[in-house]
Amino acid sequence: MHEAYDIHGVQEKWLPIWDELAPFRSGRKDDPRPKKYVLDMFPYPSGDLHMGHAEAYALGDVIARYWVQRGFNVMHPIGWDAFGLPAENAAIKRNEDPSVWTYENINTQRASMRRYACSFDWDRVLYTCDPEYYKWNQWIFLKLFEKGLAYRKNSAVNWCPDCQTVLANEQVVAGLCERCDSSVTKKKLNQWYFKITAYTERLLEDMKQLEGKWPDKVLTMQRNWIGKSTGAEIKFQIEDRAESVVVYTTRPDTLHGATFMVVAVDSELARELATGSKVESEFNKYFESVRSASDIDRLATDRTKTGVFLQRYAINPVNGERIPIWASDYVLADYGTGAIMAVPAHDQRDLDFARAMKLPVKVVVDTGEADPNETGIATEGIGKIVNSGSISGLESMAAISKIIDELAKKDQATATANYRLRDWLISRQRYWGTPIPIIHCSKCGEVPVPIEQLPVKLPDSKTVDLKPKGISPLATAADWVNTQCPKCQGSALRDTDTMDTFVDSSWYFLRYTSVNNQQSPFDDHEVKTWLPVDQYVGGVTHAILHLLYSRFFTKALFDMGLVDFNEPFTRLLNQGMVIMDGSAMSKSRGNLVRLSDELERHGVDAIRLSMVFAGPPEDDVDWSDVSPSGSVKFLNRAWRLSGDVTSKPGVNFSDGNIDLRKITHKALHDISFAVESFRFNVAVARIMELVNATRKAIDSGCGAADPSVREAVEGIAISLSLIAPYTAEEMWERLGHKPSVALAGWPKIDDSLLTADAVTAIFQVNGKIKSRIDVQPDISDSELEAMALSDPAIKSEIEGIKPKKVITKAPKFVNIVL
RNA sequence: GCCCCUGUAGCCCAAUGGCAGAGGCAGACGACUUAAAAUCGUCCAAGUGUGGGUUCGACCCCCACCGGGGGCACCA
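The numbers attached to residues start from 1 for each chain and follow its sequence in the written order. Lettering for chains starts from A, numbering for ligands starts from 1, and both go in the order in which the items are written. Per-residue local features of the predicted model are confined to residues with pLDDT of at least 70, and side-chain atom pairs are confined, for both listing and counting, to 80 or more; whole-chain, interface and lining totals are unaffected and use all residues. As a rule here, side-chain values cover all heavy atoms of the structure and leave hydrogens and water aside.

Asks: Sorry if this is basic, but what is going on with the side chain of Ser647 here?
Replies: Relative to the helices and strands, Ser647 resides in the loop between helix H22 (628-644) and helix H23 (658-676). Ser647 gets classed as buried once you look at its relative accessible area, which sits at 11%. The contact criterion used throughout is that any non-hydrogen atoms of two residues lie within 4.5 Å. Sequence-distant contacts of Ser647, defined by excluding residues within four places in its chain, comprise Ala704, Ala705, Asp706, Pro707 and Arg710. In this text, helices come from DSSP runs of H or I with a minimum length of four residues, and strands from runs of E with a minimum of two, each type numbered from the N-terminal end. For each residue, the accessible area found with a 1.4 Å probe, counting protein chains only, is set against the maximum for its type, and the residue is called buried under 20%, exposed over 50%, and partly exposed in between.

Given below as structure tokens:
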């Protein structure tokens, strides 16, 4: 039986010692170390931790632990995103308060995190369902309300029939509810919104700060989501109507080609134009058919165009042509002005409609492609303008600015931009969330709950009918709903909706700085000390939702003077998913791997190591490609080294074997570099290399007693402490040191040991390698070139031909071009 | 349909315009062992998806195509 350490024994051994030492407590007032805020996205407490958490928290931990070793005062907090539907649904099923299920899961997860050796600061924990937390949600809501950034409006909203609540645009994915995949329908409701659209340009502009620091993918997704387009608003006179209609177009250069106008069937304008006309009943029939269609149907791209001619005409401002006005569902009521000028020759959707309705097609841009009249394919590119009066002959770009100028003088056009981003709908018709702190008074209207009355706590769940029925369960708590108007003292009603749980996570990173503060959401001084977050770690699933909302909150708080930075997360790392056999793990697929089973089998360190070593962090980890037993083997191999070292702690390393010392210093240097550039898999490979080299040095090199061996093994223990804390702690103890290795500090790297004694130079002829030779690393270009030219292999290649060119980069290579 | 990422050994992955291989998994062989496990050691394999181009030199940069993944998709 070869010596091996007891995986589970060491876990039980070190946990209480770490509890005692609390090596990751941050924020001592007199701490002289520079700060670093490393943040993992907090979990939703939906049961125990799973493989995905194991990966994410292993990666975040490497970063946090690394900066501690590098001498930083690292804040690495954790909390729970504890409001939300699963708790409520469980509560209904179990007939108990949602908090019971929630806190049971939180306790389970907390115990698992402790065991998983997460380097969290356990003094900075928060739960969003805690009234001490959501009180500040309400406080921020009221601040936004005061600034006009929180408002209520009546409009058609996304409704999930399964969750029985409304959803924000961001929470509808391809017509389906992002939570439960039900088909989302529309419902006309009076709902609360946050005015994120007031920040559109800044959300877009400030992304420049994040370039290179956030994954490009996330920035692209946010840009797409915001969806900026530039163009012009153009006024069209309408026959027999005093007011003109404004349309938005990105292609004012095609204005002469507008042969009809289309208004959104569900717009006010369409209703007005149809009312009292001969086509009113036909319009109503069409309107009803469109209204009952699901989003899924509506979004199908290959759907044939439908519409109703409203028997009305608009006048094209550039040529006075009468163009018919149609109502259709292919124009959206809430984008642009809800009406468009249709240019069938140069827009595929308009062309499809024109062909379906037998409307004329007029080519006004020559793109060099075939006539859309014949091909049925609109020529959407830019080109030379034709048949367009004053702008004929211009290129599209020049034509756009000219026509806008001309029309602007007559007050018929304005250059403008449009965005896809809509305001954030935050009211939800469910119980387990933050109550909206507004009182509705028949005399005074929407009255904010006075600050000193916060929090507006949720009514006791026993007094509430939790079953979803389309209105908020809070409405059934009569005693809670009926209250007094803070202004006129008359009887009034509380708002019964709760906030979207994304509100909770939009500022939690600020609360960590002062979780026990009862006077304000966060302590000014602490926020100045710690924020912004230096490193955020989490899944790409939040690329739009959470990250966009948090950026919006930060900017709003900045404008209120509450924070002094405008981007919350300086750097972002997106880890991939843990999958199995090529697809996402799920019970129904039968490919679920249970984290607890894996931990039981291989131990915490081996699982953490496997996660980190599996590949680049942003790639998915396929668990079927991972060998946790290989990790166990490696950890044993590293651990055994610590028992072989015979020199005493504190021995002078400079007396050690130079070869091993060079390997050690190079390895430690490379490991730092790899960790700082998020190539953790490479860092692990370097540690493995160092372990192999040390093994060799002990068995067949300088021997176990050499000081260089101690230096190497100590370096291994410290590096491993980022990834495999239990093993590292055991090694550190066996090396004769006191715990914790987490605080040992990164070894000082001696630059003079980083240069090799000799390097292999290569000699090429026409880029092909012909010879190689070991040279001094400080050899000069001319020396190396001379060596190359006198090298026998090279000489025979050259054979008296005079080289055209010789490229020399000492000490690496010489390339002779013939 | 549009945009982005990606393709290296049987597999997971390294290689920051300069020797294609750092590390691991799997495999083969040897040492130790009565034997096996564990351990230690040795070995094994691709010329970088395909075709062009730039360069003295390309896995790396550019273009096209093929395969895989992702995002957007009636947003005027």
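Asks: In this structure, what is going on with the packing of aromatic side chains? I would like to understand it.
Replies: The geometry of an aromatic ring pair is captured by the separation of the ring centres together with the interplanar angle, meaning the angle of the planes. Only Phe, Tyr and Trp rings are paired, with Trp represented by its six-membered ring, and only when their centres lie within 6.5 Å; those with planes under 30 degrees apart are stacked, over 60 edge-to-face, the remainder tilted. Applying the stated rule across the entire model yields 38 aromatic pairs. Where Tyr57 meets Phe120, the ring centres are 5.8 Å apart and the plane angle is 85 degrees; that geometry is what we call edge-to-face. Of this pair, Tyr57 sits in helix H2 (residues 51-69) while Phe120 sits in the loop between helix H4 (98-115) and strand S4 (125-127), and the two are 63 residues apart along the sequence. Exposure remark for Tyr57: the relative accessible area of 2% places this residue in the buried category. Within the aromatic cluster, the residues linked to one another by ring pairs are Phe141, Phe145, Trp192, Phe194, Tyr199, Trp424, Phe502, Tyr549, Phe552 and Phe553. Both a distance and an angle decide whether a charge sits over a ring: NZ of Lys or CZ of Arg must be within 6 Å of the ring centre and within 35 degrees of the ring normal. A cation over an aromatic ring shows up here: Arg322 above the ring of Tyr313, its NZ or CZ 3.9 Å from the ring centre.

Asks: I'm lost on helix H5 (residues 131-146) in this one. Help?
Replies: Each α-helix winds once per 3.6 residues, and so residues spaced three or four apart point in a common direction. Helix span, expected: 1.5 Å multiplied by one less than the number of residues in the helix. If you check H5, its first and last C-alpha atoms are 22 Å apart, about what 16 residues at 1.5 Å a residue would give, namely 22 Å. Among the 16 residues that make up H5, twelve are buried, leaving the element largely enclosed by the rest of the structure. Here H5 has its buried residues at Tyr133, Tyr134, Lys135, Trp136, Asn137, Gln138, Trp139, Ile140, Phe141, Leu142, Leu144 and Phe145. The N-cap of H5, judged by a side-chain oxygen 2.9 Å from the amide nitrogen of Glu132 a few residues on, is Asp130. By the criterion applied in these results, polar contacts are pairs of N or O atoms within 3.5 Å in which, for protein atoms, one can donate a hydrogen and the other can accept it, and in which residues neighboring in sequence qualify only through two side-chain atoms.

Asks: Can you help me understand the protein's contact with RNA strand B in this one?
Replies: Near RNA strand B lie 50 residues; those nearest to it are Arg303, Arg349, Arg420, Phe673 and Asn815. Protein-adjacent atoms of RNA strand B, using a 4 Å cutoff, are sugar or phosphate at a proportion of 63%. At 3.2 Å from a sugar or linking oxygen of RNA strand B is found a side-chain nitrogen or oxygen belonging to Arg686. One of the side-chain N or O atoms of Glu689 is found 2.5 Å from a sugar or linking oxygen in RNA strand B. The element contributing the most residues to the surface near RNA strand B is helix H24 (residues 680-700), with eight residues. Gly is put with the polar residues, along with every residue not named as nonpolar or charged; the nonpolar set is Ala, Val, Leu, Ile, Met, Phe, Trp, Tyr, Cys and Pro, and the charged set is Asp, Glu, Lys and Arg. The residue makeup of the surface near RNA strand B, split by class, is 19 nonpolar, twelve polar and 19 charged. Summary of the distance rule: residues count as near a molecule or strand when at least one heavy atom falls within 4 Å of that molecule or strand.

Asks: Would you explain the confidence of the model for chain A in this entry?
Replies: Reading predicted coordinates in detail is not appropriate for stretches of low pLDDT. Values of pLDDT, which run from 0 to 100, indicate the predictor's confidence residue by residue. Mean pLDDT for chain A: 89, with 98% of residues reaching 70 or above. Taking the mean pLDDT of every element in chain A, the minimum, 62, falls on helix H11 (residues 295-299) and the maximum, 97, on helix H17 (residues 508-511). Across the interfaces of the predicted complex, the ipTM metric reaches 0.94, alongside a pTM of 0.92.

Asks: What's the story with the environment of Trp326 in this structure? I'm lost.
Replies: Of note, Trp326 is situated in strand S14 (residues 322-328). Since its relative accessible area comes to 10%, Trp326 is described here as buried. A sequence separation of 14 residues divides Trp326 from Arg312, and the C-alpha atoms of the two residues are 8.2 Å apart. The residues touching Trp326, leaving out its near neighbours within four places in the chain, are Met261, Val262, Val263, Gly307, Val308, Phe309, Leu310, Phe353, Met357 and Leu359.

Asks: Before we go on, may I ask you to explain the nonpolar core in this structure?
Replies: Soluble globular proteins tend to bury their nonpolar side chains together. Counting residues in hydrophobic clusters, the biggest one holds 182 residues, and the most contacted among them are Phe141, Phe194, Trp424, Tyr508, Leu510, Trp623 and Leu720. Sort the elements by how many residues they give to this core and H2 lands first, with eleven residues. In this structure Phe141 touches Ala150, Trp192, Phe194, Ile426, Ile436, Pro437, Ile438 and Met499, once residues within four positions along its chain are discounted. With 38 residues, the next largest nonpolar core counts Ala270, Ala314, Ala339 and Val365 among its residues. Think of a nonpolar core as a cluster: buried Ala, Val, Leu, Ile, Met, Phe, Trp, Tyr and Cys residues, connected wherever their side-chain atoms sit within 4.5 Å.

Asks: Can you walk me through the sheet that holds strand S33 (residues 805-809) in this structure?
Replies: Note on pairing: DSSP must find at least two bridges between two strands before they are called paired. A sheet is described by the order of its strands in space; here four strands give the open sequence S32-S31-S34-S33, paired in mixed fashion. With partners counted over all chains shown, the strands left at the sheet margins are strand S32 (768-775) and S33, one partner each. Recorded for the sheet is a direction-independent mean angle of 15 degrees between the axes of neighbouring strands. Bridge analysis of S33 against strand S34 (residues 813-817) gives five bridges, and the strand direction is antiparallel. Between N-to-C directions, angles cover 0 to 180 degrees, with each direction set by a line fitted to C-alpha atoms, over the stretch in contact for helices.

Asks: Teacher, can you tell me more about the pairing of strand S26 (residues 535-539) here?
Replies: Each regular strand carries side chains that alternate between the two faces of the sheet. In terms of burial, S26 is a largely internal element, five of the five residues being buried. Across three bridges, strand S1 (residues 35-40) lies against S26 in parallel orientation. Bridge pairing links Leu39 to Tyr536 in S26. Where S26 lies against strand S27 (residues 572-575), four bridges are found, and the strand directions are parallel. In the strand pairing of S27, Val537 is matched with Leu573. In terms of handedness, the path from S26 via helix H19 (residues 545-559) over to S27 forms a crossover that is right-handed. Think of it like this: strands point away, you trace from the first strand over the helix to the second, and a clockwise trace means the crossover is right-handed.

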